[in-house]
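Coordinate inspection notes
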Amino acid sequence: MKKLIGIIICSAIILSFNLSNTFANEITYEWFKTQTKSTTANDLVWEDDFENFLKRNITSKKIYLGMHRNKEQAPIIESYLKVLGGGANEIIYKDNRKYIFTSACRHQSCSEKGVLFIDTEKKHTIGLIRHAIINDTKFSSKEDFLIFSKNHKTFEEVPVVFIEMVKEWVTTSHMNEPPSKVRFIGTDDKITDVTAKY
């Protein structure tokens, strides 16, 4: 009986240690505000919990953006991680780390790009993928933007600071130009053409 109690106590201690380490490594909005280790989008992609953070905070909608074989529609996160995993730009902090903005391009396809925008106070995440194909459309040499947010129902609710930072990014980043079309996926998971509102 003493042996059994000893095993139970040891198991509880080990489980408690593992749980505390799991939560200690969890990426949250506060983590983004205070972390100093990651300096680029690539660094974020390599963080243990970054993919889980994105899964909690961006749409799970399946879509084809030309990054999977046989026109397979896949969750946006798969394409998003691809465009954040190549050549990366520095993380930009604005307004005392209230806003975080970073970008990167897809490995060996730098015309396909990704943007991550975070509002650490409101706990909002907005993603952007620069792409040449969406679902059944034909390839376009002039890329489009797909902007997505689980926190905003309509494009009009997207903060102006995000739009301003994206427009500045377009003029300052490598191999970039204004989009041909801008589409938005909000809380309803519908794809809406918002080109005229961009």
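Before any of the text, the structure's been laid out above.
Bear in mind the structure is a predicted one, so any value in this text is a computation, not a measurement.

1. Some words on the layout of surface pockets
Taken as a whole, the largest pocket holds about 230 Å³ of empty space. In this structure, the largest pocket is lined by 13 residues; those nearest its centre are I92, F101, E168, W169 and T172. Looking at the lining of the largest pocket, the elements with two or more residues in it are β3 (92-94), β4 (99-106) and α6 (160-172). No other element matches the five residues that α6 contributes to the lining of the largest pocket. When the residues that make up the lining of the largest pocket are grouped by side-chain class, the tally is four nonpolar, five polar and four charged.

2. Things to note about the pairing of strand β7 (residues 144-149)
In terms of residue burial, β7 counts as a mostly covered element, since six of its six residues are buried. Neither face of β7 is left uncovered, since the one carrying D144, L146 and F148 and the one carrying F145, I147 and S149 both have all their residues buried. Looking at chain direction, strand β6 (residues 124-131) and β7 are connected through six bridges and run antiparallel. Following the sheet pairing, G127 is matched in β7 by F148. Here β7 runs beside strand β8 (residues 182-185); their pairing, made up of four bridges, is parallel.

3. What to know about the pattern of salt bridges
Following the criterion strictly, the structure yields nine salt bridges and no others. A salt bridge links R56 to D49; the nearest nitrogen and oxygen atoms lie 3.5 Å apart. On the basis of relative accessible area, R56 is assigned to the partly exposed category, the value being 36%. Here K197 and E156 are joined by a salt bridge, their closest N and O atoms 2.6 Å apart. Here E156 lies in the loop between β7 and α6 and K197 lies in the segment after β9 (191-193), a separation of 41 residues in the sequence. Because the salt bridges share partners, they merge into one network encompassing E26, D49 and R56.

4. Observations regarding the environment of H124
Structurally, the position occupied by H124 is in strand β6. For the pair H124 and S149, spaced 25 residues apart in the sequence, the C-alpha separation amounts to 7.9 Å. Once you skip the residues sitting within four places of it in the chain, H124 turns out to touch Y29, F117, I118, D119, N151 and H152. Within the structure, the side chain of H124 is placed 3.4 Å from the side chain of H152, a separation counted as a polar contact.

Cut-offs and rules
- Residues numbered from 1 in each chain as written.
- Predicted model: local features only at pLDDT ≥ 70, side-chain atom pairs only at ≥ 80, totals over all residues.
- Heavy atoms only, no water.
- 1 Å grid on protein atoms, 1.4 Å probe; cavity = no way out; pocket = protein on both sides within 12 Å on 5 of 7 lines; lining within 4 Å.
- Points joined across faces, edges and corners; volume = space filled by probe spheres on them.
- Helix = DSSP H or I, 4+ residues; strand = E, 2+ residues; numbered from the N terminus.
- Nonpolar A, V, L, I, M, F, W, Y, C, P; charged D, E, K, R; others polar.
- Buried < 20%, exposed > 50% of the residue type's maximum accessible area, 1.4 Å probe, protein only.
- Pairing = 2+ DSSP bridges.
- Salt bridge = Lys/Arg side-chain N within 4 Å of Asp/Glu carboxyl O.
- Contact = heavy atoms within 4.5 Å.
- Polar contact = N/O pair within 3.5 Å; in protein donor to acceptor, adjacent residues only side chain to side chain.

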